[in-house]
Each structure stands twice: as structure tokens, then as C-alpha cells.
Amino acid sequence: MTAVRTYLAALAVLVTVAGCSTQVPGSARPSGDGFVVKGAQLRFRPVLAELEPSPTTGSAADRQSTDPAAQQAAARALDCAQGAPDPLAGKDDPALPLVSCDRAKGTKYVLGPVFLTGADVGWVDATVDPRTGRPVIGIRFTAAGTRTWAGWTGGNLGKQVAMVLQSRVLTAPQIQSAITGGETQISGAFTLPEARQLARDIAGG
């Protein structure tokens, strides 16, 4: 690892997010496994709180409340099981907080308002990093997205950012450094088919 690389890592063990670590060497390029991001469906939200999976109790009606107590109650009530219906799917207000979860892991999150969308992303691809032999997901931002991403990452070191689609968290890495080059590379303990699926999900496909 060299000093010129910029790193994202998960909050739990610093370099992983449920088996995924993210790093940004600034060298990703589109490949045959690339996907063009479809409109603004993808949303980037700051993670305000990460909660362990828990039994569902109460009502999840206040998932976009600005009241922390209501957010916690909504998180406890949210059903994160695979296949569970989400009445809020794709209908969340980007200007308000959101209680959401990663359905694959069951982790629940309280997220802040949207600061970046899929309209600010040009493409997402899945490749194998020739330096490590590991699958990686590359994300390239538009010029406007690059400026927003650089400013946000620079001002939020040590915090997590959630990539959200249809009100569902796809991945939520932690910012380690300002990312100014316009390209982010996600790598971790997943197979190439899993990386392709995550890239496809991020792109809204």
C-alpha cells in the first residue's frame, strides 16, 4: 500500500464492510462488465447511525422523521428480512433522513439527506485488480459529481456513506481520505459474480 492511494474502509473493523473493503487508487477504467448508471435512482446518504440486526417491534411508519427517538423506534420496527416488502421503496424524500437497512446482512441504518445521486455518476464496472487478483468495483463520477464527492469526503473523514437504491442500502463504507480524482474503487471478500451483481445494483440495473 502506498501513500498515494486513498482508502475507504468499513466502520466495524476499519478495513472491511461486511466482507468488503474499499480503496481508491484512481486508476479504474470502464470494462466489458461496465454499467451506465440509470438516472438519479442511486442516492448517496451519510450514515448517522448503524444498528445491529434486531427483532422487529412496533411501527416503522416514521422512517423519515427528523426526531432521533422516532428514528430509533422506526429502526427497531423495520423488517430487514430478504424478500420483505418495503412500502417506502423508491418513494423516500431525498431532503429528509431515512431509516433503512442492508437486506443481505440485516444491518439497520439511520441516514441523513441525499447529497449525491446517480445523475452524478457516469458508470460502474466490475473487474479484477491485476495488482491483487481480487474483484473490484469501479465508480466514476461526472465532473459535477467529482466536485461534490471531493468536498463531501474531505469534510467527512471517518464517517460512513451509504449507497442507496429504492430506499435500500447496497453498501456503506467509511471515508478515510478526501477522494478528489473522480473515481472510487470498491474491493473486498466477494467473488467476481458478486462484484458484478453489486455493480449492476449500484447502476440501477
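Residues numbered from 1 in each chain as written. Predicted model: local features only at pLDDT ≥ 70, side-chain atom pairs only at ≥ 80, totals over all residues. Heavy atoms only, no water.

## Some points on the overall build of the protein
Secondary structure assignment for the protein yields three helices and 13 strands. Burial analysis of the protein (205 residues in total) assigns 49% to the buried set. In the protein, of all internal contacts separated by at least 6 residues, the share reaching a separation of at least 24 is 68%. (Helix = DSSP H or I, 4+ residues; strand = E, 2+ residues; numbered from the N terminus. Buried < 20%, exposed > 50% of the residue type's maximum accessible area, 1.4 Å probe, protein only. Contact = heavy atoms within 4.5 Å.)

## Some remarks on the confidence of the model for the protein
This prediction gives the protein a mean pLDDT of 79; 82% of its residues lie at or above 70. When pLDDT is averaged over each element of the protein, strand β6 (residues 108–111) comes out on top at 96 and strand β1 (residues 6–9) at the bottom at 32. Note on residues 1–31: pLDDT under 50 across the span, and 92 contacts to partners over four residues away in sequence or across chains. (pLDDT = per-residue confidence, 0-100.)

## As for the pairing of strand β10 (residues 161–165)
Most of β10 is tucked away: five of the five residues are buried. Residues Val161, Met163 and Leu165 point to one face of β10 and Ala162 and Val164 to the other, with burial holding for every one of them. Pairing of strand β4 (residues 43–51) with β10, which is carried by four bridges, proceeds in the antiparallel orientation. Residue pairing for β10: Arg43 is matched across the bridge by Val164. By the bridge criterion, three bridges tie β10 to strand β11 (residues 168–171) in an arrangement that is antiparallel. Bridge pairing in β11 places Val164 opposite Val169. Linkage of β10 to β11, two consecutive antiparallel strands, is achieved through a turn of two residues, within which Gln166 is found at a positive phi near 55 degrees. (Pairing = 2+ DSSP bridges.)

## Points about the state of the cysteines
Summed over the entire model, instances satisfying the criterion amount to one disulfide. The disulfide partner of Cys80 is Cys101, and the S-S distance across this bridge is 2.4 Å. On the sign convention where negative is left-handed, the bridge of Cys80 and Cys101, at about -125 degrees about the S-S bond, is left-handed. You can see Cys80 sitting in the loop between α1 (68–77) and β5 (98–101) and its partner Cys101 sitting in strand β5, a full 21 residues away along the chain. By relative accessible area, Cys80 is classed as buried at 8%. (Disulfide = S-S within 2.5 Å.)

## Here we look at unusual backbone geometry
For residues besides glycine, phi is generally negative; the peptide bonds are generally trans as well. Its identity as a non-glycine residue notwithstanding, Gln166 has a phi of 55 degrees, on the positive side. Relative to the helices and strands, Gln166 is located in the loop between β10 and β11.

## Some remarks on the nonpolar core
Residues Phe44, Val121, Val124, Ile137, Ile139, Trp149 and Ile202 are the most contacted members of the largest nonpolar core, which totals 26 residues. In this structure, Ile202 is in contact with Leu42, Val124, Ile139, Met163, Leu170 and Ile186, ignoring residues within four places of it in sequence. Core analysis: the next-biggest nonpolar cluster, separate from the first, contains nine residues, Leu98, Ala162, Val169 and Ala172 among them. (Core = buried A, V, L, I, M, F, W, Y, C linked by side-chain atoms within 4.5 Å.)

## Quick notes on the environment of Thr153
Topologically, Thr153 is positioned in helix α2 (residues 143–155). In this structure Thr153 comes out as buried when scored by relative accessible area, which is 0%. Through-space distance from the C-alpha of Thr153 to that of Ile179 is 6.1 Å; in sequence the pair is 26 residues apart. Leave out the neighbours within four places in its chain, and Thr153 touches Ile175, Ser177, Ala178 and Ile179. Only 3.2 Å separates the side chain of Thr153 from the backbone oxygen of Ala150, close enough to count as a polar contact. In this structure the side chain of Thr153 is engaged in a polar contact, spanning 2.9 Å, whose partner is the backbone nitrogen of Ile179. (Polar contact = N/O pair within 3.5 Å; in protein donor to acceptor, adjacent residues only side chain to side chain.)

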